[in-house]
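Observations on the model geometry
If you want the building blocks of each chain, they are given just below.
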Amino acid sequence: MSGINKVILVGNLGKDPEVRHLEGGVTVAKFPLATSETYKKSDGTRVENTEWHNIVMWRGLAESAEKYLRKGSLVYIEGKIKTRSWEDKGVKKYFTEIVADVMTMLGRRPDEATKDAVSSQYAKSESQKQVPPASDTTDDLPF
C-alpha cells in the first residue's frame, strides 16, 4: 500500500513571491506562508502560535502567484511536503518545503494594479458564456 503526502494550509504570505524563470520557459515561485492558531491558557490569557512554511509553486501556478500574490495575501494552499538534504562542510543539512498543487486566493479584493487584469479576465469569461433562450411560458406567480 502506498502512503499519502497531502498538506492543506490557509495563511498569509510573509513576503512577495520570489519568482525565477528557468530554461525552457519554466517558472518557479517561492515564498514563506504564516499559519496561526490562537487558544486560551488555563489562566485565561490568549496565546497566538504562528508556524512558517516554505511554499514552492511551479509553471502556471507560479505565474499566477507572480501576478496576483503580495505580502499579506490570504491564500489556501494544497500540496505535498518535500524535504531536501545536502552536506555542508561535513554537516548534513535539511530543508523542508511545501510544493503547491492548488492555490486559491482568499480575503480582500486585489489592489488597483491587479484589479484591471482580474476584471478583464472576468469580462472574457462572461462574454464566452452562453445565455439560454428566453422561456415563452406565462405564469401567474410573481416570482
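Residues numbered from 1 in each chain as written. Predicted model: local features only at pLDDT ≥ 70, side-chain atom pairs only at ≥ 80, totals over all residues. Heavy atoms only, no water.

**Re the nonpolar core**
The condition is simple: Buried residues of nine kinds, namely Ala, Val, Leu, Ile, Met, Phe, Trp, Tyr and Cys, make up a nonpolar core once their side-chain atoms join them within 4.5 Å. In this scheme, a residue with accessible area under 20% of its type's maximum is buried, one over 50% is exposed, and one in between is partly exposed, where area comes from a 1.4 Å probe on protein chains only. Each helix corresponds to a stretch of at least 4 residues labelled H or I by DSSP, and each strand to a stretch of at least 2 residues labelled E; elements are numbered beginning at the N terminus. Throughout, a residue-residue contact means that at least one pair of heavy atoms, one from each residue, lies within 4.5 Å.
Judged by nonpolar contacts, the single largest core of 16 residues is most densely connected at Phe31, Leu33, Ile55, Met57 and Ile77. Sorting the residues of this core by element identifies β1 (7-13), β3 (27-40), β4 (46-58), α1 (59-68), β5 (74-88) and β6 (91-106) as the ones contributing at least two each. Contacts of Leu33, omitting those with residues within four sequence positions, involve Leu9, Gly11, Asn12, Leu13, Glu51, Trp52, His53, Ile55, Val75 and Ile77.

**Some thoughts on the pairing of β6**
Definition in use: Following DSSP output, two strands are said to pair if at least two bridges run between them.
Inspection of the sheet shows β4 paired to β6 by two bridges, in the parallel sense. Among the inter-strand pairings, Val56 is bridged to a residue of β6, identified as Val99.

**Brief notes about the confidence of the model for the protein chain**
To be explicit about the condition: Each residue carries a pLDDT score, the predictor's confidence in it, ranging from 0 to 100.
Looking at the protein chain as a whole, its pLDDT mean stands at 83, while 76% of the residues score no less than 70. Note that residues 117-135 has pLDDT below 50 and, in this model, four contacts with residues that lie over four places away or in other chains.

**Some details on the side chain of Thr27**
The criterion, for reference: Within 3.5 Å is the distance limit for a polar contact, defined as a pair of N or O atoms, with the added protein rule that one can donate a hydrogen and the other accept it, and that residues adjacent in sequence qualify only through two side-chain atoms.
One can find Thr27 in strand β3. Thr27 gets classed as buried once you look at its relative accessible area, which sits at 1%. Polar side-chain contacts of Thr27 include one of 3.4 Å to the side chain of Glu63. Every residue in contact with Thr27, bar those within four places of it in the chain, is listed here: Val19, Arg20, His21, Met57, Trp58, Arg59, Ala62 and Glu63.

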